[in-house]
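The chain contents come next:
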Amino acid sequence: MSKVLIENAWDEPEWAEEAVFPATEQELLFLTQKLAELEIPIKVFLQAVSIAAYDCLSAFRYADKYLNLSQK
């Protein structure tokens, strides 16, 4: 029975791996412009750039989440 549960778990979409790509120079520029819209701590900016070095989409999700929370 546990084998069936494990096999079904791998069919779930949240378990699917998405391709991870580092940000290009143009994407880093766009990320910088996006974060420059509001005054943010340098720590947040550096964290977004650090994330972008290995996963561009995660960096934009991080920036969007921070900007959405700071606007509330």
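Our subject is the structure that appears above.
Report on the accompanying structure. Note that this is a predicted model, so its numbers are computed, not measured. (Residues numbered from 1 in each chain as written. Predicted model: local features only at pLDDT ≥ 70, side-chain atom pairs only at ≥ 80, totals over all residues. Heavy atoms only, no water.)

Brief notes about the overall build of the chain
Heads up, the condition is: Strands here are runs of E lasting at least two residues and helices are runs of H or I lasting at least four, both read from the DSSP assignment and numbered beginning at the N terminus. Categorising residues by exposure relies on relative accessible area from a 1.4 Å probe, with only protein chains included: less than 20% of the type maximum marks a residue as buried, more than 50% marks it as exposed, and the intermediate range marks it as partly exposed. Contact definition: two residues touch when any of their heavy atoms are within 4.5 Å. Residue burial considers only the protein chains on display, and all accessible areas are found by Shrake-Rupley using a 1.4 Å probe.
On a plain count of helices and strands, the chain comes out with four helices and zero strands. Starting at the N terminus and ending at the C terminus, the chain contains elements arranged as α-α-α-α. By the burial criterion, 21% of the 72 residues in the chain qualify as buried. Across the chain, the fraction of contacts at a sequence separation of at least 24, relative to all contacts at a separation of at least 6, is 68%. Summed over all atoms, the accessible surface of the chain reaches about 6,000 Å², with 61% contributed by carbon and sulfur.

Brief notes about the nonpolar core
Counted only if it meets this: Take the buried Ala, Val, Leu, Ile, Met, Phe, Trp, Tyr and Cys residues and link them wherever side-chain atoms come within 4.5 Å; each set so joined is a nonpolar core.
Ala 23, Leu 31, Leu 35, Ala 48, Ile 51, Ala 52, Cys 56, Ala 59, Phe 60, Ala 63 and Leu 67 form the largest nonpolar core, which has eleven residues in total. Among the elements of the structure, α2 (25–35), α3 (42–52) and α4 (56–70) are those that each provide at least two residues to this core. Per-element accounting of this core gives the leading share, five residues, to α4. Each residue touching Ala 48, except ones within four places of it in the same chain, is listed here: Leu 31, Leu 35, Ala 59 and Tyr 62.

Thoughts on the pattern of salt bridges
The line we're drawing: Take a side-chain nitrogen of Lys or Arg and a carboxyl oxygen of Asp or Glu: if they are within 4 Å of each other, that pair is a salt bridge.
Following the criterion strictly, the structure yields one salt bridge and no others. Between Asp 64 and Lys 34 there is a salt bridge; the shortest N-O distance is 2.5 Å. Linking Asp 64 in helix α4 with Lys 34 in helix α2, this pair joins segments that are 30 residues apart in sequence. Accessibility expressed as a relative area gives 30% for Asp 64, which makes it partly exposed.

Quick look at the packing of α2 against α3
Let me state the cut-off plainly: Note on method: axes are straight lines fitted to C-alpha atoms, helices fitted across the in-contact stretch only, with angles between N-to-C directions ranging 0 to 180 degrees. With respect to orientation, any angle under 35 degrees is reported as roughly parallel, any angle over 145 as roughly antiparallel, any angle of 65 to 115 as roughly perpendicular, and every other angle as oblique. Left-handed describes a crossing whose near helix is turned anticlockwise from the far helix through less than a right angle; right-handed describes the clockwise counterpart. The residue classification treats Ala, Val, Leu, Ile, Met, Phe, Trp, Tyr, Cys and Pro as nonpolar and Asp, Glu, Lys and Arg as charged. All others, Gly included, are polar.
One can describe the packing of α2 onto α3 by two numbers: an axis separation of 11 Å at closest approach and a directional angle of 160°. On the basis of the axis angle, α2 is roughly antiparallel to α3. In this structure, α2 crosses over α3, and the sense of that crossing is right-handed. Touching Leu 28, Leu 31, Thr 32 and Leu 35 of α2 are Phe 45, Ala 48 and Ala 52, all from α3. When its residues are assigned to classes, the contact of α2 with α3 shows six nonpolar, one polar and no charged.

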